[in-house]
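Residues per chain, in single letters:
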Amino acid sequence: MKQQAQRRVRRGGEQDAPATTSATFAPLVELLLAELESCGQADGLRQPPLTLAGFTSWYLDVVQRLEAHLAGSDNHAPMARGEVELLCRCALSAADLREAILLCEHFARMLHPRAGRIRLEIARGRASFRLDSLRGQASTAGSLVDITGLFAFLQLFQWLLGRELPLRQVRIGPIRRQDVLPFLRLFRAPVLAGGEDYALDFDAAALSLPVVRAPSEFAAFFHSFPCAVFGARAHSVPAQVSALLAAALRHGAPLPSQVQLAADLGLPLSTFRRRLQQGGSNYRSLREAALRNGACAALSQPDRQISDIAASLGFADAGTFRRAFAQWFGMAPGAWREQALAASFKPAE
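Predicted, not measured: the structure shown is a model, and the values here were computed from it. All residue numbers refer to position in the chain's written sequence, counted from 1. Restriction of local features to residues with pLDDT of at least 70 applies here, the model being predicted, together with a cutoff of 80 or more for giving and counting side-chain atom pairs; totals for whole chains, interfaces and linings are based on all residues. Only heavy atoms go into the side-chain values, all of them from the structure, while hydrogens and water stay out.

## Looking at the overall build of the protein
Part 1: Along its length, the protein carries 13 helices and seven strands.
Part 2: With a 1.4 Å probe rolled over the protein chains alone, any residue whose accessible area is under 20% of its type maximum counts as buried; one over 50% counts as exposed, and the rest are partly exposed. Taken across its 349 residues, the protein has 48% of its residues classed as buried.
Part 3: The contact criterion used throughout is that any non-hydrogen atoms of two residues lie within 4.5 Å. Long-range contacts, defined here as pairs at least 24 residues apart, represent 66% of the contacts in the protein between residues at least 6 apart.
Part 4: Only the protein chains shown count as cover for residues, and all accessible areas are computed by the Shrake-Rupley method using a 1.4 Å probe. Surface summary for the protein: the accessible area is close to 16,900 Å², and the carbon and sulfur share equals 51%. Going along the chain from the N terminus, every DSSP run of H or I of four or more residues is numbered as a helix, and every run of E of two or more is numbered as a strand.

## A short note on the pattern of salt bridges
Opposite charge on two side chains makes pairing possible when the charged atoms of those side chains draw close.
Part 1: Throughout this description, the term salt bridge denotes a Lys or Arg side-chain nitrogen within 4 Å of a carboxyl oxygen of Asp or Glu. Summed over the entire model, instances satisfying the criterion amount to 17 salt bridges.
Part 2: Residue R114 is joined to E83 by a salt bridge in which the shortest nitrogen-to-oxygen separation is 2.7 Å. One end of the pair, R114, is in the loop between α4 (97-110) and β3 (117-123); the other, E83, is in helix α3 (residues 81-92), and 31 residues separate them in sequence.
Part 3: Accessibility expressed as a relative area gives 24% for R114, which makes it partly exposed.
Part 4: Residue E83 is classed as buried on the basis of its relative accessible area of 19%.
Part 5: Each of R119, E121, R130, R171, D197 and D201 takes part in salt bridges that share partners, so that together they form one network.

## A short note on the side chain of E67
Part 1: Assignment of secondary structure puts E67 in helix α2 (residues 52-73).
Part 2: Once residues lying within four places of it in the same chain are set aside, the contact partners of E67 are P78, R135 and V145.

## Notes on the layout of surface pockets
Part 1: If you add up the space inside the second largest pocket, you get close to 640 Å³.
Part 2: Put simply, the grid is 1 Å and covers the protein atoms alone, a cavity is a trapped set of points that fit a 1.4 Å probe, a pocket is an open set with protein on both sides within 12 Å along at least five of seven lines, and lining residues have an atom within 4 Å of a point. In terms of lining, the second largest pocket is formed by 31 residues, of which the most central are E67, M79, V84, V145 and G149.
Part 3: Among the secondary structure elements, those contributing two or more residues to the lining of the second largest pocket are α2, α3 and α5 (140-161).
Part 4: Element by element, the count of residues in the lining of the second largest pocket is highest for α5, at seven residues. Grid points are joined across faces, edges and corners, and a volume is the space filled by probe spheres set on the points.

## Regarding the packing of aromatic side chains
Aromatic ring pairs are defined here through the distance separating the ring centres and the angle between the ring planes.
Part 1: Put simply, two rings from Phe, Tyr or Trp (the six-membered ring, in Trp's case) pair if the centres are within 6.5 Å, and we call them stacked under 30 degrees between planes, edge-to-face over 60, tilted for the rest. Considering all chains together, one arrives at 18 aromatic pairs under this definition.
Part 2: For the pair W159 and F221, a centre-to-centre distance of 4.3 Å together with 15° between the ring planes defines the contact as stacked. Of this pair, W159 sits in helix α5 while F221 is found in helix α6 (residues 218-222), placing the two residues 62 residues apart along the sequence. No difference in accessibility class separates W159 from F221, as the two residues are buried.
Part 3: Linked through ring pairs, F315, F321, F325, W328, F329 and W336 together constitute an aromatic cluster.
Part 4: In this structure, R81 is placed above the aromatic ring of F222, and the distance from its NZ or CZ to the ring centre is 4.0 Å. Look at NZ for Lys and CZ for Arg. If either is within 6 Å of the ring centre and within 35 degrees of the ring normal, a charge sits over the ring.

## Some points on the packing of helix α7 (residues 237-251) against helix α9 (residues 269-278)
Part 1: Each axis is a line fitted through C-alpha atoms, and for a helix only the stretch in contact is used; angles between axes span 0 to 180 degrees, taken between their N-to-C directions. The N-to-C vectors of α7 and α9 enclose an angle of 100°; their axes lie 8 Å apart at closest approach. For the element pair α7 / α9, the angle class is roughly perpendicular. The residues of α9 that touch α7, namely those facing V237, P238 and V241, are F272, R275 and L276.
Part 2: Following the grouping adopted for this structure description, the nonpolar residues are Ala, Val, Leu, Ile, Met, Phe, Trp, Tyr, Cys and Pro, the charged ones are Asp, Glu, Lys and Arg, and the polar ones are all others, Gly among them. The residue makeup of the contact of α7 with α9, split by class, is five nonpolar, no polar and one charged. When describing relative orientation, an angle under 35 degrees is termed roughly parallel and one over 145 degrees roughly antiparallel, while 65 to 115 degrees is termed roughly perpendicular and anything else oblique.

## Comments concerning unusual backbone geometry
Part 1: The omega angle of the peptide bond from H112 to P113 is 0°, so this bond is cis rather than trans.
Part 2: Tracing the backbone shows P113 in the loop between α4 and β3.
Part 3: The backbone phi angle of R124 is positive, close to 50°, even though this residue is not glycine.
Part 4: With respect to the helices and strands, R124 occurs in the loop between β3 and β4 (126-132).
Part 5: Even without glycine at this site, R188 takes up a positive phi of about 55°.

## Notes on empty space enclosed by the protein
Part 1: Overall, the coordinates contain one cavity of 30 Å³ or more when judged by the stated rule.
Part 2: Approximately 200 Å³ is the volume found for the largest cavity.
Part 3: As for the largest cavity, its lining consists of 15 residues, and the residues nearest its centre are Y59, I147, T148, F183 and L186.
Part 4: Of all elements in the fold, only α1 (26-39) and α5 reach the threshold of two or more residues within the lining of the largest cavity.
Part 5: At four residues, the largest contribution of residues to the lining of the largest cavity is made by α5.
Part 6: The residue makeup of the lining of the largest cavity, split by class, is 14 nonpolar, one polar and no charged.

## Some thoughts on the sheet that holds strand β7 (residues 198-203)
Part 1: Any two strands are treated as partners once DSSP identifies two or more bridges connecting them. The strand order across the open sheet formed by five strands is β3-β4-β7-β5-β6, and the pairing between neighbours is mixed. Edge strands, defined here as strands with exactly one partner in the open sheet, are β3 and β6 (191-192).
Part 2: Of the pairings in the sheet, the one linking β4 to β7 comprises six bridges and is antiparallel in character. Note that in β7 the partner of S128 across the bridge is D201.
Part 3: Against the sheet, α4 engages β3, β4 and β7, with an angle of about 145° to β3.

## Quick look at the pairing of β4
Both faces of the sheet carry side chains from a regular strand, because those side chains alternate between them.
Part 1: The element β4 is extensively covered by neighbouring structure, given that five of its seven residues are classed as buried.
Part 2: Sheet topology note: the β3/β4 ladder contains seven bridges and is antiparallel. Along β4, the bridge assignment pairs I118 with L131.

In short, geometric facts, not functional conclusions.
See below:
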């Protein structure tokens, strides 16, 4: 298995030095670093820190670097941090969610094309917040930045409302990114990839929900916006834990313990457990769900050996994995794989 993230990041003219972060966040660090390096934007990047607060700041730096690179490719300046702040403050002046979205739409038009295009569409009781970054061509870096942007708007809207905005589904554009799949769990809704746009779909009735935040609360919110996706202030600890466990398995890393997760999310262990309970879950059930999902994902790859899958999931041996799998699904891993592969190749009726 891979150990926690050990990348070499160049800082100015200094010698390369190993950069480490908590094993909990290693998959996201690896993902972001790989994208930066592929774009040639890793020079001078500070090393990933050990603390959650530092990680959030580092994540913001990475996203801004990627956005600047993408904007340069499209021959215009990126949206400045101050402009992002003004957009959020405009939304804060709204009376309800509908007005907040329309203000964001108007603000984006004034900054065309740097802020992309925002649209609110309503049909048959469903509202759709649609985001088009107006990029010249699709790319994996653009996909990562645009998914971050879509999640940023969800964070903004939920902060303005002081409550979760239940989503019917999320659309994440034309590029299918297997590497971000675990983190898409943070949307807490079905995620559709391969379409033409990025969108949040929800019940239109939510548009009348009032904005409850005061200007005095804005500075604390915006300090780490939009990259404070993990931690005590973020919504749904069960969703955060589910995403981090799934990412560890995809990364080939050991599953973090509840003690480690609580510490990295900035919560006392007792509070961590209480938040999971309030969300209708617990660490054991989330861990088992992550293992089940990881097993199914691995078995869907025809060339993966059962012994290899067992080791990647942290089982002592293939026999132990087979027994656990039989308890979960009532059949052997090989039989499940045959059924799954047969279903995937079944011709459409």
